[in-house]
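So you can see what is in the structure, the chains are spelled out below.
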Amino acid sequence: MIHSIKLTLVAIAIVFSSCSPNSNKTNNDATQARVQKFLDKYNNDYQKLYTISSEAQWKSNTYIKEGDSSAIKATDEANKKMAEFTGSQSVIDSVQNFLKMKDALTDIQVKQLTVILYTAANNPQSMKDMVDKRIKAETQQISNLFGYNFILNGKKVSTNDIDKILNESNDLKLREQAWTASKEVGKTLKDGLANLQMLRNNTVKPLGYSDFFSYQVSDYGMNTEEMMKMNEQMIKDIWPIYRELHTWARYELAKKYKSKVVPDALPAHWLSNRWGQDWSAMVNVAGLNLDSVLKTKDKEWFSQQAEKFYVSIGFPPLPKSFYDKSDLYPLASDAGYSKNNHASAWHMDLKEDVRSLMSIEPNSEWYETTHHEFGHIYYYLTYSNKDVPYVLRGGANRAYHEAFGSMMGLAAMQKPFIAGIGLLPGDVKTNDTMQLLKEALNYIVFIPWSAGVMTHYEHDLYANNLPVADYNKHWWGLVSKYQGIAPPSLRSDDYCDAASKTHINDDAAQYYDYALSYILLFQVHEHISKNILHQDPHATNYYGNKEIGTFLKKMMYPGASGDWRKLLKDNTGEELSAKAMVNYFMPVMDYLKKQNKGRKYTLPETI
């Protein structure tokens, strides 16, 4: 009897194992079909609402008129409808149930469901009143920032006017007045930021996030601790170069402004950038003075030239609608309304309606910015393909978008490229060390600002619930630690200087994207330089090389449908690392150490 039972069990096991794969496959097919039906409908509805929201936000960024709240109301309404859809309880319940069966689903279905749930966490309709208040507060904060009237010596000025003074004037009194004027807007934004701090934190808690910062970080497949460690490591990797740059800058600027004392910390108004995130204006490279050439170009040349660059490496011409619908130039002085002057690229419908919002002036900064913004535009167009569902039409991670844009901006500024498009003679004599120094004052200087000040401030704002009374004090503590910069005079707690940076208000808890993008930039650039162009990474010419376009399109095509780490490793052969960036700038260290011999270093050797 026992023996026969054993035989029967074996027989049953054999029968079960032989039919199990087909049975499982049938069940998996049915589950996948059910999930796909949900995903198809969600993607279709999402795209429609996304387009409506984009149009409303575009209007509220390009038409800011005192006393006219119609654009704000339309944006508020569109964003509420988008939030109601993405955060609906039925969507959350469906996705959570589907994800319990993820082993039966395809990878791209799981990826879509994960992104849908992530989006829902920012708009859970179980907290509808809270979400509605947050959307209204965000819209109002943006309007307050970009509708603000900056006043300098009793006259209304634009941010471009302030930047021009900080770039060109040697009058320290005027510089301090301009810098101070640029921070006055923070007073008007302080209460709004405190409100957003509370609303953003509370909104994401129903789906299990402890705070808004951890929510944003999770988009990378990382937790807060991992993200902060990554940012700290980036700063440590570049710190020896930054420390030399900081010492050099203190002494050089003291000479420039005829200061009898070399300050321990760089006075903020001595620098050309309002936040000290870019010091490159300190160096003019002989023979590479692009501004003198670019000021002769008409305003349309900048966007047309950027488009020619991308087309030359194999990308298609931009759709006509790009030029018809974009807002590329400064407003006329008598326009009667304001606009957001911060350069940005927009994917309006997650298809072919792409636009850019800029205020192009004929100078090298806008030349580089235009090439950068077009990098975003071409990324949008490349991942808008049949293999990438609407909800996955984004960068492999958020840093990838900035990396591609910044890399193309860097490429467009290198001497062989500039000479190749006729901006400078091919035989122009330049000082390569000064050129590399100028680049270091941009790219290296940016890391302590982005990975240090901005990332730690927003971490503390949300994860540690930074008290409102400490907003300004904490800000300047971080600026001192990571940048070695000090305000020209004591900044009271009435101010909120952090909020003068647009990203604190309308792109919150994501600034580490930019730091990571610079690391990615140099990794990808090094790969292109060595393996495609076989050129020195410091002196490349991407223009006209179709192989570069093929390589970039391969990286851009999947959008957010795959794993960002795998995408980097598969295409460059390397994990994320600052090694390429450090290698790129290491040649300038010998020059800086010679210049700094005998000088006082005020930053610690390690951070």
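Conventions used here
Residues numbered from 1 in each chain as written. Predicted model: local features only at pLDDT ≥ 70, side-chain atom pairs only at ≥ 80, totals over all residues. Heavy atoms only, no water. Helix = DSSP H or I, 4+ residues; strand = E, 2+ residues; numbered from the N terminus. Expected span 1.5 Å × (residues − 1). Buried < 20%, exposed > 50% of the residue type's maximum accessible area, 1.4 Å probe, protein only. 1 Å grid on protein atoms, 1.4 Å probe; cavity = no way out; pocket = protein on both sides within 12 Å on 5 of 7 lines; lining within 4 Å. Points joined across faces, edges and corners; volume = space filled by probe spheres on them. Nonpolar A, V, L, I, M, F, W, Y, C, P; charged D, E, K, R; others polar. Phe/Tyr/Trp six-rings, centres within 6.5 Å; stacked < 30°, edge-to-face > 60°.

Engineer: I'm lost on helix H4 (residues 107-121) in this one. Help?
Structural biologist: In an α-helix, one full turn covers 3.6 residues, which means residues spaced three or four apart are oriented alike. Compared with an ideal rise of 1.5 Å per residue, which puts 15 residues at 21 Å, H4 spans 21 Å between its outermost C-alpha atoms and is within 8% of the ideal. Those residues of H4 that fall on the buried side of the exposure criterion are Gln109, Val110, Gln112, Leu113, Ile116, Leu117, Tyr118, Ala120 and Ala121.

Engineer: Any chance you could explain the environment of Ala74 here in plain terms?
Structural biologist: Inspection of the secondary structure puts Ala74 in helix H2 (residues 70-86). For Ala74, a relative accessible area of 40% translates into the label partly exposed. Sequence separation between Ala74 and Ile418 is 344 residues; the distance between their C-alpha atoms is 44 Å.

Engineer: I tried to follow the layout of surface pockets on my own but got confused; where do I start?
Structural biologist: It is a probe the size of a water molecule, rolled over the atoms, that shows where empty space is left. The volume enclosed by the second largest pocket comes to roughly 310 Å³. Lining the second largest pocket are 18 residues, and of these Asp432, Thr433, Gln435, Leu436 and His538 sit closest to its centre. Mapped by element, the contributors of at least two residues to the lining of the second largest pocket are helix H16 (415-420), helix H17 (432-462) and helix H24 (587-595). Looking at the lining of the second largest pocket element by element, the count peaks at five residues for H17. Here the residues of the lining of the second largest pocket sort into nine nonpolar, five polar and four charged.

Engineer: I would appreciate a short explanation of the packing of aromatic side chains in the present structure.
Structural biologist: To describe a pair of aromatic rings, one takes the distance between the centres and the angle between the planes. Tallying each qualifying case throughout the model produces 46 aromatic pairs. On the numbers, 5.2 Å between centres and 80° between planes, the contact of Phe322 with Phe374 is edge-to-face. Of this pair, Phe322 sits in helix H13 (residues 320-325) while Phe374 sits in helix H14 (residues 364-383), placing them 52 residues apart in sequence. Looking at Phe322, the relative accessible area reads 0%, which means it is buried. Relative accessible area serves as the criterion here: at 0%, Phe374 is assigned to the buried category. On the numbers, 5.0 Å between centres and 85° between planes, the contact of Tyr379 with Phe404 is edge-to-face. With Tyr379 in helix H14 and Phe404 in helix H15 (residues 398-413), the pair connects residues that are 25 residues apart, well separated along the chain. Aromatic ring contacts, followed pair by pair, group Tyr443, Phe446, Trp449, Tyr457, Trp475, Tyr511, Tyr514, Tyr518, Phe522, Tyr584 and Phe585 into a single cluster.

Geometric descriptors of this kind do not, in isolation, establish any biological role.
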